[in-house]
Amino acid sequence: MKRTLMGVAAAGLMAFGLSATAAEMKAIDKASTTSAVRSGFSYAISETREMQTDDIQNPSFLWVDIGEEQWGTVDGEAGKSCESCHGNAADTMANVGSTYPVWDPATKKPMNVELRINKCRAENMKAKPWKYESDELLGMTAYIKSVGRGKPIHVSLKDGDMEAWSKKGEQFYYQRRGLLDLSCAHCHEQNPGNLIRAETLSQGQTNGFPTYRLKWQKLGSLHRRFRGCNNNIRAEPYAYGSDEYLALETYLAQRGANLPVEGPSVRK
Amino acid sequence: MKVRSIFGAALGIALMAAAGTQVQAAGLVKYTVVEHPSIPESLTKGDPVRGRAAVINRQKGNCLACHSIPEIPEEQFHGEVGPVLDDVGSRMSAGEIRMRIVDPKVINPETAMPSFYKLEGLHRVAKKWQGKTILSAQEVEDVVAYMLTLKGSYSN
């Protein structure tokens, strides 16, 4: 799993990357085209798909490597690493990507993977929380999602006020906003598959996040994507980890139920 | 028709007049919507060449984001969200086109098309865009003038 920046660049130059996950790509494709719910993957051009399905070419694995490295690194006053408590991530974290956000009784809010990681850092490791969008937090989120790849998304609304938060997210989704006066639904419910100038609109599903966007030349979180969409329609964005985006994330997990976890994915 | 609002305080004061509904917002040119709906009188004099540029410009009309316009073959990317705009100049009157651009929600409340000359009724507009319309009255008329030149049959 260890790769260097040089290694990735070199691999990118290889005409034929390892296609060990071609079967996985087929599976995602099948799930995507046979159901009404479709991953952004199924709207992407083949070059982008191939970049995603080949772990060697997939640039987001630079961040997965950062996460894997951090997993075993002791940090904070408690003198612990993630591994000290959770052992082998491939065993203990396999169901995280497909089941988050979950209810957090302490904050009385839904908690996504990023917030869960920082809660562990603050409370159990006595370490400084990582900043949203830092390479460390993106890396750990990507690593944790990567060990659950392929699992169907199923976020439960049974606990706490998850149902009400999902409803709030639904309201957000259908609310027109910004100077362009568009709701998420105008693009992602009414127009998936259609071009908006040079971009092919998708259903705006969340199963691929964090995602390496070629436009960003970097891995980015779901909340970064929300902020980007809000900016595009000239609406004031909300903060990373804000209540509004947590509600939206919770709702979108319902819209994307049963899509396979793809994170970290590659998108245009 | 260049009557500016003297009611600075409130936005979007609609006055019922015998001839139609006058729409007046602080800082915007007043206009009248007649049954149909349509805005028959121009806000100011338009120029089709400038209109064409505004239609392409991503910071202005960016109409190509949603519409394919065959008369603009030199632009590589045309959107598919709205209908192809090829012959609107022969199908629609200036008033209908003006209504469509100024505030298409009057025609179809559910439409994805933005209201290009409207300030009120918007939610969470980004700070740097507050109090601004997407197009100025001049730009609206320029785009209307350009749309009126679209009469179909383009070789490209």
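Residues numbered from 1 in each chain as written. Chains lettered and ligands numbered in written order. Predicted model: local features only at pLDDT ≥ 70, side-chain atom pairs only at ≥ 80, totals over all residues. Heavy atoms only, no water.

Visitor: Where do I start with the overall build of chain A in this structure?
Guide: Within chain A one finds 13 helices and seven strands. Within chain A, contacts between residues separated by at least 24 positions form 67% of all contacts whose residues are at least 6 apart in sequence. (Helix = DSSP H or I, 4+ residues; strand = E, 2+ residues; numbered from the N terminus. Contact = heavy atoms within 4.5 Å.)

Visitor: Help me understand the overall build of chain B, please; the structure alone is not making it clear to me.
Guide: Helix and strand content of chain B: four helices and three strands. Traced from its N-terminal end to its C-terminal end, chain B shows the element sequence β-β-β-α-α-α-α. A total of 156 residues make up chain B; the buried ones form 44% of that total. Across chain B, every contact between residues at least 6 apart in sequence was considered, and the portion connecting residues at least 24 apart equals 48%. Summed over its atoms, the accessible surface of chain B is roughly 8000 Å², and 55% of this surface lies on carbon and sulfur atoms. (Buried < 20%, exposed > 50% of the residue type's maximum accessible area, 1.4 Å probe, protein only. Areas by Shrake-Rupley, 256 points an atom, 1.4 Å probe, with all protein chains shown as cover.)

Visitor: When you look at the interface of chain A and chain B in this model, what are you seeing that I'm missing?
Guide: Interfaces are frequently sized by the accessible area removed from exposure as the parts join. With 22 residues of chain A at the contact, the number on the chain B side is 29 residues. Its largest share of buried area at the contact with chain B, chain A owes to Leu179, Arg197 and Arg234 of chain A, together 40% of the area lost on that side. Counting across the chain A and chain B interface gives three salt bridges. Of the charged contacts, one joins aspartate 181 of chain A and lysine 105 of chain B as a salt bridge, the two residues approaching to 3.0 Å between their closest N and O atoms. Remark: the boundary between chain A and chain B carries 17 residue pairs in polar contact (both at pLDDT 80 or more). (Buried area = accessible area lost by both parts, 1.4 Å probe. Salt bridge = Lys/Arg side-chain N within 4 Å of Asp/Glu carboxyl O. Polar contact = N/O pair within 3.5 Å; in protein donor to acceptor, adjacent residues only side chain to side chain.)

Visitor: What's the story with the sheet that holds strand 7 (residues 265-267) of chain A in this structure? I'm lost.
Guide: Adjacent strands of a sheet pair through backbone hydrogen bonds, lying either parallel or antiparallel. All names here are of chain A. In spatial order, the strands read 6-5-7; together these three strands make up an open sheet with mixed pairing. If you trace the sheet from one side to the other, it starts and ends with strand 6 (218-220) and strand 7, each paired once. Going across the sheet, the axis of each strand differs from the next one's by a mean of 35°, ignoring polarity. Examined bridge by bridge, strand 5 (residues 211-213) and strand 7 share three bridges and lie parallel to one another. Residue pairing for strand 7: arginine 213 is matched across the bridge by arginine 267. (Pairing = 2+ DSSP bridges. Axes fitted to C-alpha atoms, helices over the stretch in contact; angles between N-to-C directions.)

Visitor: When you look at the packing of aromatic side chains in this model, what are you seeing that I'm missing?
Guide: We describe a pair of aromatic rings using the distance from one ring centre to the other and the angle between the two ring planes. Evaluated as defined, the whole model comprises nine aromatic pairs over all chains. Seen in terms of ring centroids, tryptophan 63 of chain A and tyrosine 212 of chain A are 6.1 Å apart; in terms of plane orientation they differ by 50°. Their pairing is tilted. Linking tryptophan 63 of chain A in helix 4 (residues 61-71) with tyrosine 212 of chain A in strand 5, this pair joins segments that are 149 residues apart in sequence. Here tryptophan 63 of chain A matches tyrosine 212 of chain A in class, with each residue buried. Pairing phenylalanine 172 of chain A with tyrosine 238 of chain A gives two aromatic rings, centres 5.9 Å apart and planes at 55°, and the pair type is tilted. Of this pair, phenylalanine 172 of chain A sits in helix 10 (residues 162-174) while tyrosine 238 of chain A sits in the loop between helix 12 (222-232) and helix 13 (243-255), and the two are 66 residues apart along the sequence. The pair phenylalanine 172 of chain A / tyrosine 238 of chain A is uniform in exposure class, with both members buried. One aromatic cluster is present, formed by Phe172, Phe226, Tyr238 and Tyr245 of chain A through successive ring pairs. Between the NZ or CZ atom of arginine 224 of chain A and the centre of the ring of tryptophan 216 of chain A, over which it lies, the distance is 4.1 Å. Its guanidinium or amino end placed over the ring of tyrosine 238 of chain A, arginine 124 of chain B lies 3.6 Å from that ring's centre, counting from NZ or CZ. (Phe/Tyr/Trp six-rings, centres within 6.5 Å; stacked < 30°, edge-to-face > 60°. Lys NZ or Arg CZ within 6 Å of the ring centre and 35° of its normal.)

Visitor: Help me understand the pairing of strand 2 (residues 20-24) of chain B, please; the structure alone is not making it clear to me.
Guide: Side chains on a regular strand alternate between the two faces of the sheet. All names here are of chain B. The element strand 2 is largely enclosed, with a buried count of four among its five residues. The pairing of strand 2 with strand 3 (residues 31-33) spans three bridges and is classified as antiparallel. If you follow glutamine 22 over to strand 3, its bridge partner there is threonine 32. In this structure, the hairpin formed by strand 2 and strand 3 is closed by a connection of six residues, where glycine 27 is found at a positive phi of approximately 85°.

Visitor: Would you mind showing me how to read the nonpolar core here?
Guide: Buried together is how nonpolar side chains tend to be arranged in soluble globular proteins. Counting 43 residues, the largest nonpolar core has Ile69, Tyr117 and Met147 of chain B as the members making the most contacts within it. Those elements that place two or more of their residues in this core are strand 3, helix 1 (48-56), helix 3 (94-102) and helix 4 (137-147) of chain B. Looking at this core, the element that brings in the most residues is helix 4 of chain B, giving six residues. Once residues within four sequence positions are removed from consideration, isoleucine 69 of chain B is found in contact with Val55, Cys63, Leu64, His78, Leu85, Tyr146, Met147 and Leu150 of chain B. In this structure, Cys82, Val96, Tyr132 and Leu138 of chain A belong to the second largest nonpolar core, which totals 23 residues. (Core = buried A, V, L, I, M, F, W, Y, C linked by side-chain atoms within 4.5 Å.)

Visitor: I would appreciate a short explanation of helix 3 (residues 46-53) of chain A in the present structure.
Guide: Every α-helical turn comprises 3.6 residues, leaving residues that sit three or four positions apart pointing alike. The set of residues buried in helix 3 of chain A consists of Thr48, Arg49, Gln52 and Thr53 of chain A. Along the long axis of helix 3 of chain A, the arc covered by the buried residues comes to 125°, so they all point the same way. (Arc of directions from axis to C-beta.)

Visitor: In this structure, what is going on with the confidence of the model for chain A? I would like to understand it.
Guide: Reading predicted coordinates in detail is not appropriate for stretches of low pLDDT. Summing up the model confidence of chain A, the mean pLDDT is 89 and the portion of residues at 70 or higher is 87%. Between residues 1-20 of chain A, whose pLDDT stays under 50, and residues either more than four places distant or in other chains, the model counts 24 contacts. (pLDDT = per-residue confidence, 0-100.)

Visitor: Sorry if this is basic, but what is going on with the environment of serine 42 of chain B here?
Guide: In this structure, serine 42 of chain B sits in the loop between strand 3 and helix 1. Expressed as a C-alpha distance, the spacing of serine 42 of chain B and alanine 94 of chain B, which sit 52 residues apart in the sequence, is 8.3 Å.

Visitor: When you look at helix 12 of chain A in this model, what are you seeing that I'm missing?
Guide: All names here are of chain A. Buried residues of helix 12: Leu222, His223, Phe226 and Asn230, and no others. Buried residues in helix 12, looked at end-on, bunch into an arc of 100°, giving them a common side. Buried residues belonging to helix 12 abut helix 10, strand 6 and helix 13. Two residues or fewer past helix 12, arginine 234 is found with a positive phi of approximately 60°.

Visitor: What is the right way to read unusual backbone geometry from this model?
Guide: Note: most residues except glycine have negative phi, and most peptide bonds are trans. Residues and elements named next belong to chain A. Omega for the peptide link from phenylalanine 209 to proline 210 comes to -5°, which places this bond in the cis form. One can find proline 210 in the loop between strand 4 (199-200) and strand 5. Positive phi, close to 60°, is recorded for aspartate 181, a residue that is not glycine. By secondary structure assignment, the location of aspartate 181 is in the loop between helix 10 and helix 11 (184-188). Overall, aspartate 181 belongs to the buried group, its relative accessible area being 5%. Of note, arginine 234 is a non-glycine position whose phi angle comes to about 60°, a positive value. Structurally, the position occupied by arginine 234 is in the loop between helix 12 and helix 13.

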